[in-house]
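Topology and contacts: notes
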Amino acid sequence: MTPASSAAKRVVVLLSGAGSNLQALLERSLGGQVVRVVSDQLGAGALDLARARNVEAVAVDRREFADRQAWEKALREVVTEAAPDVVVLAGFMRILSGAFVSRWPTLNVHPSLLPAFPGAHAVADALRHGVKVTGATVHFVVEQVDAGPIVAQESVAVRSNDTIETLHARIKAVEHRLLPDSVTLFCHDRLAIDGRRVRILP
Ligand code: GRF
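Being a predicted model, the structure only gives us computed values, none of them experimental.

**Considerations on the overall build of the protein**
Regarding its fold elements, the protein presents seven helices and nine strands. At 17 Å, the protein has a C-alpha radius of gyration in line with the 17 Å of a compact globule built from 202 residues. Its C-alpha atoms put the protein at 50 × 45 × 35 Å along the principal axes. Looking at the protein as a whole, 48% of its 202 residues qualify as buried. Partitioning the contacts of the protein with sequence separation of at least 6, the portion at a separation of at least 24 is 57%. Surface exposure of the protein reaches about 10200 Å², of which carbon and sulfur atoms provide 52%. Of the side-chain charges in the protein, 23 are positive and 21 negative, and the distance between the mean point of each set is 3 Å.

**Let's talk about the site of the ligand**
Surrounding the ligand, one finds Gly17, Ala18, Gly19, Ser20, Asn21, Gly91, Val109, His110, Pro111, His168, Lys172 and Glu175. Residue Asn21 places a main-chain N or O atom 2.8 Å away from an oxygen atom belonging to the ligand. Taking 370 Å² as the accessible area of the ligand by itself, protein coverage stands at 91%. Those elements that provide at least two residues to the shell around the ligand are helix H2 (20-26), strand E5 (106-110) and helix H7 (164-187). Considering every element that reaches the shell around the ligand, the biggest residue donor is H7, with three residues.

**A look at the confidence of the model for the protein**
Across the protein, pLDDT averages 95, with 97% of residues at or above 70. Taken as a whole, residues 1-6 scores under 50 in pLDDT and shows zero contacts with residues more than four places along the chain or in a different chain.

**A word on the environment of Glu165**
The topology assignment puts Glu165 in helix H7. The spacing of Glu165 and Val123 is 42 residues in sequence and 8.7 Å in space, taken between C-alpha atoms.

**Brief notes about the nonpolar core**
The biggest cluster of nonpolar side chains holds 39 residues, and the ones touching the most others in it are Val13, Val37 and Val183. If you tally residues by element for this core, the top one is H7, at nine residues. Residue-level mapping places this core at the junction of two domains, with at least three residues from each of domain 1 (10-104) and domain 2 (109-202). Aside from chain neighbours lying at most four places away, what touches Val183 is Val11, Leu25, Leu30, Val88 and Leu107. Val12, Val60, Leu75 and Phe92 belong to the second-largest nonpolar core, a separate cluster that totals 19 residues.

**Brief notes about the pattern of salt bridges**
Inspection of every chain in the model, using the stated rule, returns 13 salt bridges. Note that Asp181 and Arg28 form a salt bridge whose closest N and O atoms lie 2.9 Å from each other. Highlighted residues: Asp181 in helix H7 and Arg28 in the loop between H2 and strand E2 (32-39), separated in sequence by 153 residues. Between Arg177 and Glu154 there is a salt bridge, with the nearest N and O atoms lying 2.8 Å from each other.

What counts as what
- Residue indices begin from 1 for each chain and proceed along its sequence in written order.
- Since the coordinates come from a predicted model, pLDDT governs what is reported: local features require at least 70, and pairs of side-chain atoms require 80 or more to be given and counted, while whole-chain, interface and lining totals use all residues.
- Excluding hydrogens and water, the side-chain values take into account all heavy atoms of the structure.
- Strands here are runs of E lasting at least two residues and helices are runs of H or I lasting at least four, both read from the DSSP assignment and numbered beginning at the N terminus.
- The reference for a compact globule is 2.2 Å times residues^0.38; the radius of gyration itself is calculated from the C-alpha atoms.
- Think of it in three bands: residues with accessible area under 20% of the maximum for their type are buried, residues over 50% are exposed, and the middle band is partly exposed, with areas taken using a 1.4 Å probe on protein chains only.
- We call two residues contacting when some pair of their heavy atoms lies within 4.5 Å.
- Here the Shrake-Rupley method, with its probe set to 1.4 Å, supplies the accessible areas, and only the displayed protein chains count as covering residues.
- Under the convention used here, Asp and Glu are negative, Lys and Arg are positive, and both His and the chain ends fall outside the count.
- Working definition for charges: the position is that of NZ of Lys, CZ of Arg, CG of Asp or CD of Glu.
- Here, proximity means that at least one heavy atom of the residue falls within 4 Å of the molecule or strand.
- Identification of polar contacts relies on pairs of N or O atoms within 3.5 Å, with a donor-acceptor requirement for protein atoms, meaning one able to donate a hydrogen and the other able to accept it, and with residues adjacent in sequence counted only if both atoms are side-chain atoms.
- Scored from 0 to 100, pLDDT records how confident the predictor is in each individual residue.
- What we call a nonpolar core is a set of buried Ala, Val, Leu, Ile, Met, Phe, Trp, Tyr and Cys residues that are connected through their side-chain atoms within 4.5 Å.
- The domain boundaries here were taken from an automatic or database domain assignment.
- Each reported salt bridge corresponds to a side-chain nitrogen of Lys or Arg within 4 Å of a carboxyl oxygen of Asp or Glu.

Structure below.
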């Protein structure tokens, strides 16, 4: 039997924000290894979080590039160098081209029960709509934003006194389980995409 370590999947994480989902990934064994973390913002605290765990952390700051194409080309080079088996968007707030997202299997975590409330303001949109239940989704990324095959979802009840912050905090607590669980399934070759459906293999 092949030793698990030689088969360990290489995971590259892209992010823009605080990195609490990155933290959750770094705390789990995943059956794979986070080999590089890339932020679209210089000075993102999440980069320090990665470095503190001896994970390479790189910023490809959009503001340093003349246009989106030049930025995405640089990002693609930085990701390619890390030879990922899977790319994980953990709070990555920029839209990637179809060519980019079809190059590697790519997972995203989103703070709503998709297809409800896609886009960058999912928690605020859910509150504004008055839904009683929202949640978290992990899905494969396709060119259309927040529209790819769904790997995992879990609901979160909305409370009458919720603010964006309190609701998002409870959703994130769910994400911190759902995303590592999904990446672990991927790393063990247990996700099979069948049209819009993702089957979880035994
Ligand atoms: C998460 O809620 C995720 O669903 C969304 O961005 C947020 C990132 O949070 N895409 P963090 O940076 O991981 O704390």
